[in-house]
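# Working through the structure, step by step
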Amino acid sequence: MDRKSVMKRRLQSIVIIFVSMAIFIVIWWALSIYFDLNYFPPPDVVFEAFFDSFVTPDPNLGITMGQNIEASFARFLEGFALAFVIAIPLGLLMGFMPWVDTFAKPIVELIRPIPPIAWVPFFFVAFGSFWNPVLTVFIGVFFPLLTNVVLGVKSVDPSLLDAARTQGAGRLTLFTKVIMPFSVPYLMTGVTIGMGVGWMCIVAAEWIAAVGGGVGYYILVQQQVGNYPYMFAGMIVIAILGLLTVTLSGYAEKMIRKRMGML
Amino acid sequence: MILTIENLIKSFPKKEGVMVAIQDFNLEVKEGEFVCILGPSGCGKTTLLRIIAGLESITSGKLLLKDKPIIGPGSDRGMVFQEFALFPWRSVRKNVEFGLEIKKVPPTERAAISERFIELVGLKGFENYHPNQLSGGMKQRVGIARALANDPALLLMDEPFGALDAQTRNLMQKELLRIWLETQKTVIFITHSVDEACYLADRIVVMTSRPGTIKEIFNVTIPRPRDRASVEFAQLRKTILAELEREVVSAPIARDNSEANV
Ligand SMILES: Nc1ncnc2c1ncn2[C@@H]1O[C@H](COP(=O)(O)OP(=O)(O)OP(=O)(O)O)[C@@H](O)[C@H]1O
Ligand SMILES: [Mg+2]
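Residues numbered from 1 in each chain as written. Chains lettered and ligands numbered in written order. Predicted model: local features only at pLDDT ≥ 70, side-chain atom pairs only at ≥ 80, totals over all residues. Heavy atoms only, no water.

Residues and elements named next belong to chain B. Spatially, four strands are ordered β2-β1-β4-β5 in an open sheet, and the strand pairing comes out antiparallel. Each edge of the open sheet carries a strand with a single partner, namely β2 (18-29) and β5 (68-69). Where strand β4 (residues 60-65) lies against β5, two bridges are found, and the strand directions are antiparallel. Within β5, the position partnered with Leu 65 by the bridge is Lys 68. Relative to the sheet, helix α1 (residues 45-53) contacts β1 (3-13), β2 and β4, its axis offset from that of β1 by approximately 115°. (Pairing = 2+ DSSP bridges. Helix = DSSP H or I, 4+ residues; strand = E, 2+ residues; numbered from the N terminus. Contact = heavy atoms within 4.5 Å. Axes fitted to C-alpha atoms, helices over the stretch in contact; angles between N-to-C directions.)

Dropping the structure here:
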């Protein structure tokens, strides 16, 4: 395809995106007018609340949306970091050493089906309101990271291992110079999936309790006091955060693949 | 003798019993020699080369490199793969330096060596390219430079030009001869192409169909550079082709028999 038709295609999709957003808002607006329910406000009221939430501190929480985002984001990152430092070494070992895989697999497969949200009550009782959201994110992010790292190690092209061995590589060198670099793009796929899961976890965990605010907690509080436009504003914030982090991570993944020549 | 293979047998375990891939293989390779191995598909050529590389064990027999038994892979035997097997995340330079890094050669010395071999294979100016930015012929040049950078006693090549188009292939054959003359390496080269073997080799080993063993060895005395249009070249090619065809024709029967008990 030449540049001109690429541009044309791009322009077309931008137009289509605009049209689809417009239709979405019109349907939302029409439904809210038709039903006329106080807990289902029209888009203009929600958007107004959205912008106001960033300026005016919430009377119940005493902080602005920006500070709520900060609180949630910190937990998000902490949970992510924890999952990172445990899932990567474990995944590498499981992929590389069959006995580690055999040993860890039953435990992993037993815990995986438990939805992260199902852990929230336990985490809250056992670890309190600070660790609860962090650990919930950890549980949510851990499995996509682990699965993709293991997949990465197992996908290593055997001829690369042969090539390395004929170059004098021992087991440790195979691991550090072939297997680890090869699994980086796979890890990045896991990160992108984890980004999406992480936000679901944080909202759910903050519903039980959150010290120092948080967007999930914010949504719940607005519902409890009947401040529905602000409840929707919180939902929009989560949507934007999720979209932003997933898109950024997807972009980073693409760049890394390109830089590594592994498209 | 740089390489001695005596009564080599290689079999692979099967569901029931074993499958003999190579049987009673005997070969001696002199220092600096260019040996081509020809044979029908599945006769064990790749297996043989992997055994010499140390990537595959032997079932029985003797396998000596400079009078010492080969027990595993090592950088004293460089291997060039048909599917290139370059590290995609490493630049040309870093690919060539891979073995030197493992040997902990200091960076300045490493750079000097990789520069020399990159230049030798005609890739000067492409040091910082990644494999996916190179054509097939260029990738295989990197493969050759990477194998040579360790200064191996043996250069093992498994259909290295099999994935290239005819024109590139002819060019690479010429280039390989030039590199061989310059480095004085001993080369064991596997190919499907009789023409390629006739063009390159000092000696051509023709193998039987499975279980692979040596059918005949041809000494090629035509002086280099060889003219494909010359009478002697055509004669040699014809002889080997006939030899090989007989083997391929008889192969299905042999194969049927050996696979009947799978
Ligand atoms: N690791 C293995 N386990 C079991 N059987 C194997 C293994 N490697 C090779 N074989 C078998 O050994 C025989 C010889 O294989 P090999 O790849 O050496 O043949 P080849 O001469 O290189 O064939 P081609 O010309 O098609 O490349 C084949 O029947 C193959 O299926
Ligand atoms: Mg083969």
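Let's pick the thread back up.
Right, let's get into the interface of chain B and chain A. In this assembly, 26 residues from chain B lie in contact with 19 residues from chain A. Summed over both partners, the interface of chain B with chain A buries about 1900 Å², with 63% contributed by carbon and sulfur atoms. Looking only at chain B, the three residues that lose the most surface to chain A are Trp 89, Phe 98 and Ile 102 of chain B, adding up to 31% of its buried area. At the junction of chain B and chain A, the tally comes to two salt bridges. For Glu 101 of chain B, the salt bridge identified is with Lys 177 of chain A, shortest N-O distance 2.7 Å. Where chain B packs against chain A, one counts six residue pairs in polar contact (both at pLDDT 80 or more). (Buried area = accessible area lost by both parts, 1.4 Å probe. Salt bridge = Lys/Arg side-chain N within 4 Å of Asp/Glu carboxyl O. Polar contact = N/O pair within 3.5 Å; in protein donor to acceptor, adjacent residues only side chain to side chain.)

With that out of the way, let us pick up the packing of helix α3 (residues 65-96) of chain A against helix α5 (residues 120-154) of chain A. Residues and elements named next belong to chain A. Axis separation between α3 and α5 bottoms out at 6 Å; the angle between their running directions is 30°. The angle between α3 and α5 falls in the class roughly parallel. Seen along the crossing, α3 lies across α5 with a hand that is right-handed. (Parallel < 35°, antiparallel > 145°, perpendicular 65-115°, else oblique. Left-handed = near helix turned anticlockwise from the far one by under 90°.)

Before going further, it helps to examine the domain arrangement of chain A. All names here are of chain A. Domain parsing of chain A yields domain 1 (1-36) and domain 2 (43-259). For domain 1 versus domain 2, the separation of C-alpha centres amounts to 30 Å. Domain 1 puts four residues into the contact, and the matching count from domain 2 is five residues. Between domain 1 and domain 2, the buried area comes to about 360 Å², and carbon and sulfur atoms account for 90% of it. Its largest share of buried area at the contact with domain 2, domain 1 owes to Ile 25, Trp 28 and Trp 29, together 97% of the area lost on that side. One can count zero salt bridges joining domain 1 with domain 2. On the surface where domain 1 and domain 2 come into contact, there are zero residue pairs in polar contact (both at pLDDT 80 or more). (Domains from an automatic or database assignment.)

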